[in-house]
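# Structural overview
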Amino acid sequence: PTPKKMGPLMLELGISIHSVVIGLALGLSSEEFTTLFIALCFHQFFEGIGIGNVLAENAKEGASQRVVLFFTLFYGLTTPVGIAIGIAVHQSSYDATGQYVAFLPLVHLPLSPINLHRMLATGVLESISSGILMYMCLVTLMSDACSSKKFMESPKLDKGVAFFALFAGATAMALVGIWA
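Here we summarise the structure given alongside this text. (Residues numbered from 1 in each chain as written. Predicted model: local features only at pLDDT ≥ 70, side-chain atom pairs only at ≥ 80, totals over all residues. Heavy atoms only, no water.)

## Thoughts on the overall build of the protein
When you go through the protein residue by residue, the secondary structure sums to six helices and zero strands. Element order for the protein, N to C, with α for helix and β for strand: α-α-α-α-α-α. Burial statistics for the protein: of 180 residues in total, 28% are counted as buried. Considering only residue pairs separated by 6 or more positions, the protein has 69% of its internal contacts joining residues 24 or more positions apart. Accessible area of the protein: about 11,800 Å², with a carbon and sulfur share of 74%. (Helix = DSSP H or I, 4+ residues; strand = E, 2+ residues; numbered from the N terminus. Buried < 20%, exposed > 50% of the residue type's maximum accessible area, 1.4 Å probe, protein only. Contact = heavy atoms within 4.5 Å. Areas by Shrake-Rupley, 256 points an atom, 1.4 Å probe, with all protein chains shown as cover.)

Listed below in structure tokens is the structure:
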């Protein structure tokens, strides 16, 4: 594929990996499951709008409908698959008597092993996931959008509004992240 066609494919791949990892983090959570689930629904909704926009532009530029449909379905399945894997890992971390089985050897810490492992796994997964998403957004989406002829020729006010909307959206998602 040409570099122009590879961009959306790499975006889809990166966001799909992000969705699996964020699903894993949700599946591994316990007490905060409801809060994370609500935040994830909002997050996935807006991420889906972004992916849908990229796929719609590809369809306009001649991508086959089968490819667009495949990527749409693929994106829709990645988070549920991640959640299922996370729940399976979460449930397999207990033995038949209901005792927690640690995956990592621990030094005695004030946190219980259950909470420490869960917090460590969730933190690492969410960090990887957010890094993938930020990279894909900035490198693939923003560079394409800001270097397009339409954006370059638009008035300064429109550019300012676009950047304000970008930062307002990032701030809103950060507030959801603090709340979750």
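## What about the packing of helix H2 (residues 33–60) against helix H3 (residues 65–92)?
Relative orientation of the contacting elements H2 and H3 amounts to 160°, with a least axis distance of 10 Å. As judged from the angle between their axes, H2 and H3 are roughly antiparallel. The handedness of the crossing between H2 and H3 is right-handed. Mapping the contact onto sequence places Leu40, Gln44, Glu47, Gly48, Ile51, Leu55 and Ala59 in H2 and Val68, Phe71, Thr72, Tyr75, Thr79 and Ile83 in H3. Partitioning the contact of H2 with H3 into residue classes produces eight nonpolar, four polar and one charged. (Axes fitted to C-alpha atoms, helices over the stretch in contact; angles between N-to-C directions. Parallel < 35°, antiparallel > 145°, perpendicular 65-115°, else oblique. Left-handed = near helix turned anticlockwise from the far one by under 90°. Nonpolar A, V, L, I, M, F, W, Y, C, P; charged D, E, K, R; others polar.)

## Regarding H3
Relative to the 40 Å expected for 28 residues at 1.5 Å per residue, H3 spans 40 Å between its end C-alpha atoms, a close match to the ideal helical length. At threonine 78, H3 is deflected by roughly 25°, the largest bend along its length, and proline proline 80 occurs up to four residues later in sequence. Among the residues of H3, Val68, Phe71, Tyr75, Thr78, Thr79, Gly82, Ile83, Gly86 and His90 are the ones counted as buried. (Expected span 1.5 Å × (residues − 1). Bend = angle between axes of the 7 residues up to and from the residue.)

## Observations concerning a nonpolar patch on the surface
Judged by side-chain polarity, Phe33, Phe37, Ile38, Phe42, Phe45, Phe46 and Ile49 come together as a nonpolar surface patch covering roughly 680 Å² of accessible area. Along the chain, phenylalanine 42 turns up in helix H2. (Patch = residues over 30% accessible without salt bridge, like charges linked within 9 Å, V, L, I, M, F, W, Y side chains within 5 Å. Salt bridge = Lys/Arg side-chain N within 4 Å of Asp/Glu carboxyl O.)

## Re the packing of aromatic side chains
Summed over all chains, the structure comprises four aromatic pairs. For the pair phenylalanine 45 and phenylalanine 46, a centre-to-centre distance of 5.1 Å together with 75° between the ring planes defines the contact as edge-to-face. The class for phenylalanine 46 is partly exposed, based on a relative accessible area of 49%. Measuring from centroid to centroid gives 5.9 Å for phenylalanine 151 and phenylalanine 163, while their planes differ by 85°, and the two rings are edge-to-face. Of the two residues, phenylalanine 151 sits in helix H5 (residues 149–153) while phenylalanine 163 sits in helix H6 (residues 156–179), which places them 12 residues apart along the sequence. By relative accessible area, phenylalanine 151 is classed as buried at 18%. The rings of Phe70, Phe71 and Phe74 are connected pair by pair, giving a single aromatic cluster. For the cation-ring pair, lysine 159 lies above phenylalanine 151, with the distance from its terminal atom to the ring centre recorded as 5.7 Å. (Phe/Tyr/Trp six-rings, centres within 6.5 Å; stacked < 30°, edge-to-face > 60°. Lys NZ or Arg CZ within 6 Å of the ring centre and 35° of its normal.)

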